[in-house]
Structures are given as structure tokens and as C-alpha cells.
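Structural characterization, general
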Amino acid sequence: DIQMTQSPSSPSASVGDRVTITCRASQTISTFLNWYQQRPGKAPSLLIYAASTLQTGVPSRFSGSGSGTDFTLTISSLQPEDFATYYCQQSYSIPYTFGQGTRLEIK
Amino acid sequence: EVQLVESGGGLIHPGGSLRLSCAASGFSVVTNYMSWVRQAPGKGLEWVSLIYSGGSTFYADSVKGRFTISRDDSKNTLYLQMNSLRAEDTAVYYCARDSSVTVFGVFEDYGMDVWGQGTTVTVSS
């Protein structure tokens, strides 16, 4: 199985900050990498698919990059509603696997 | 409106069985890839099972041989039959539409773009 490792685990940031979350795959996955946001008590929602394509309706302050084994999710200017948990997920091979999650906290 | 609504969760004793349902509206569960994903209390997301539009099914090792994914075209509903339940199966179970497609053998990834609200399964004596 492909292991997905996210860092940092629980960063703290302020409204207006630029934040980058990293996701590393245990083997190359090309660009078969998706990012999800999950707010407390809610279902996950898709932010970015295929490593860098913004899902329809997602604000442009979110962006994704990377290929192979290293990927990043960047939020250019944090808004109050962005304080949530973020997960990466590989769809390169089955079983699909998620990163352990990055919980973004308010500083 | 494109929507998924899960049902069927509850409290079940270890070794018991439960069937989860996921009713879709606004799209067909048969012409899309569909997945089940679960989240244990306070934990991260874990992919459980996937059914392709062509009918092929896939499972996480942790549930293989115990869980069965299926769908009913006439009811536009996805199911997860869970047998031999264990305490570690306790989780919120989400169904999700995976909009990825395979075109002439080439997989195009579009991610899991529609999620249900989740249904809670608690396995405890």
C-alpha cells in the first residue's frame, strides 16, 4: 500500500497568513493526488484534484502543486472559514490511502 | 440537486451484521465510480470500498471478506453490507461519488466530489 504522510500535523496561523501543507507519498504517484477539507462535524469536501486542479466553487486562494512523491496545498490568505482539517489522498493505486490529516488551528 | 444521503447506521454487537444505504439524487450511482470512506472517532479518513461503473469492486484489506459493496439501479442507491463486525469498525461511514473515469484504458482522476452526511456505526457489546 502507498503511505501518505502530511506535515505539519497541527500548524497554527492567523487570518491573512499564507499557509503551506505538504504531502509525501511512499512511492511515485504521478499527479494522482487529491486534497480535501473537513470542518468539525461535517463531511469532507473536495478542494483540489489531480494535484493542481481547483474543484468548481473552491476559492482561488487555494492552490495545489507537485508530482511524483511530493505535493503541496497552499492557502494564500487564510480566512476564518479555512480553519479545518485537510487531507491528501492518492488515487494512483488501490487501496486508496489518505494522509493522517493536518488540523489548521487559529493562533 | 446532486446529493447523497446515507442511512442504516446504529449500535450493533460484535459479530453482527448491518447494511448501510446511500441514496443518490441528481446523478446515477451506476454510471459513476462510488466509494465508501469511514472515520473512526477522533481519527482520520480511511477508504473502505469502491465500485466502478462497470461493476468491479475493491476493498481495503481491513474489511475484505466481511464487507460487500453493491448498488441498485432501480433505486439509484449504493449499499455496504457489513458482516462479522468488530469494535474497530466503529466509525462514521460516508459514501462518496468519485468522478474519475477511465477512457480507452487511461485513468483520469477527478476526485471524490460529492459526499453524503455520514451515518454512524457503533460496534459494542
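Overview of the structure.

Reading the values: the criteria
- Residues numbered from 1 in each chain as written.
- Chains lettered and ligands numbered in written order.
- Predicted model: local features only at pLDDT ≥ 70, side-chain atom pairs only at ≥ 80, totals over all residues.
- Heavy atoms only, no water.
- Helix = DSSP H or I, 4+ residues; strand = E, 2+ residues; numbered from the N terminus.
- Rg over C-alpha atoms; globule rule 2.2 N^0.38 Å.
- Buried < 20%, exposed > 50% of the residue type's maximum accessible area, 1.4 Å probe, protein only.
- Contact = heavy atoms within 4.5 Å.
- Lys, Arg positive; Asp, Glu negative; His and termini not counted.
- Charge placed at Lys NZ, Arg CZ, Asp CG, Glu CD.
- Phe/Tyr/Trp six-rings, centres within 6.5 Å; stacked < 30°, edge-to-face > 60°.
- Lys NZ or Arg CZ within 6 Å of the ring centre and 35° of its normal.
- Disulfide = S-S within 2.5 Å.
- Buried area = accessible area lost by both parts, 1.4 Å probe.
- Salt bridge = Lys/Arg side-chain N within 4 Å of Asp/Glu carboxyl O.
- Polar contact = N/O pair within 3.5 Å; in protein donor to acceptor, adjacent residues only side chain to side chain.

1. Overview of the overall build of chain B
Within chain B, the secondary structure is distributed over zero helices and 13 strands. Reading the secondary structure of chain B in the N-to-C direction produces β-β-β-β-β-β-β-β-β-β-β-β-β. Against the globule reference of 14 Å for 125 residues, chain B gives a C-alpha radius of gyration of 14 Å, in line with a compact fold. For chain B, buried positions account for 48% of its 125 residues. Sequence-distant contacts in chain B: of pairs separated by 6 or more residues, those separated by 24 or more amount to 54%. Across chain B, the centroid of the 9 positively charged side chains sits 8 Å from that of the 12 negatively charged ones.

2. Some remarks on the packing of aromatic side chains
Taken as a whole and assessed by the stated rule, the structure comprises 10 aromatic pairs over all chains. Between Tyr 96 of chain A and Trp 47 of chain B, the aromatic rings sit 5.7 Å apart at their centres with planes inclined by 55°, giving tilted as the arrangement. With one member in each of two chains, Tyr 96 of chain A in the loop between β9 (85–90) and β10 (97–98) and Trp 47 of chain B in strand β5 (residues 45–51) form a pair that bridges those chains. We note that Tyr 96 of chain A, like Trp 47 of chain B, is buried. Each residue in the set Tyr 36 and Phe 98 of chain A together with Tyr 94 and Trp 115 of chain B is aromatic and connected to the rest through ring pairs, giving one cluster. The ring centre of Phe 27 of chain B lies 4.7 Å from the NZ or CZ of Arg 97 of chain B, which sits over that ring.

3. Here we look at the state of the cysteines
Going through the model one piece at a time under the given rule, you end up with two disulfides over all chains. Across a sulfur-sulfur distance of 2.1 Å, Cys 23 of chain A and Cys 88 of chain A are joined as a disulfide pair. Between Cys 23 of chain A and Cys 88 of chain A, the disulfide has an S-S torsion of 70° and is therefore right-handed. Of the two residues, Cys 23 of chain A sits in strand β3 (residues 19–25) while Cys 88 of chain A sits in strand β9, which places them 65 residues apart along the sequence. Per residue, the accessibility class of Cys 23 of chain A equals that of Cys 88 of chain A, and both read buried. Shown here is the disulfide that connects Cys 22 of chain B with Cys 95 of chain B, its sulfur atoms set 2.0 Å apart. Taking the sign of the torsion about the S-S bond as the criterion, the disulfide between Cys 22 of chain B and Cys 95 of chain B, at about 70°, is right-handed. With Cys 22 of chain B in strand β3 (residues 18–25) and Cys 95 of chain B in strand β9 (residues 91–98), this residue pair connects regions lying 73 residues apart in the sequence.

4. Some remarks on the interface of chain B and chain A
Counting from both sides, the interface comprises 20 residues of chain B and, opposite them, 20 residues of chain A. Three residues stand out in chain B for area buried against chain A, namely Leu 45, Trp 47 and Asp 109 of chain B, and they jointly supply 35% of the buried area on that side. Our count for the contact surface shared by chain B and chain A stands at zero salt bridges. At the boundary of chain B with chain A, the tally comes to seven residue pairs in polar contact (both at pLDDT 80 or more).

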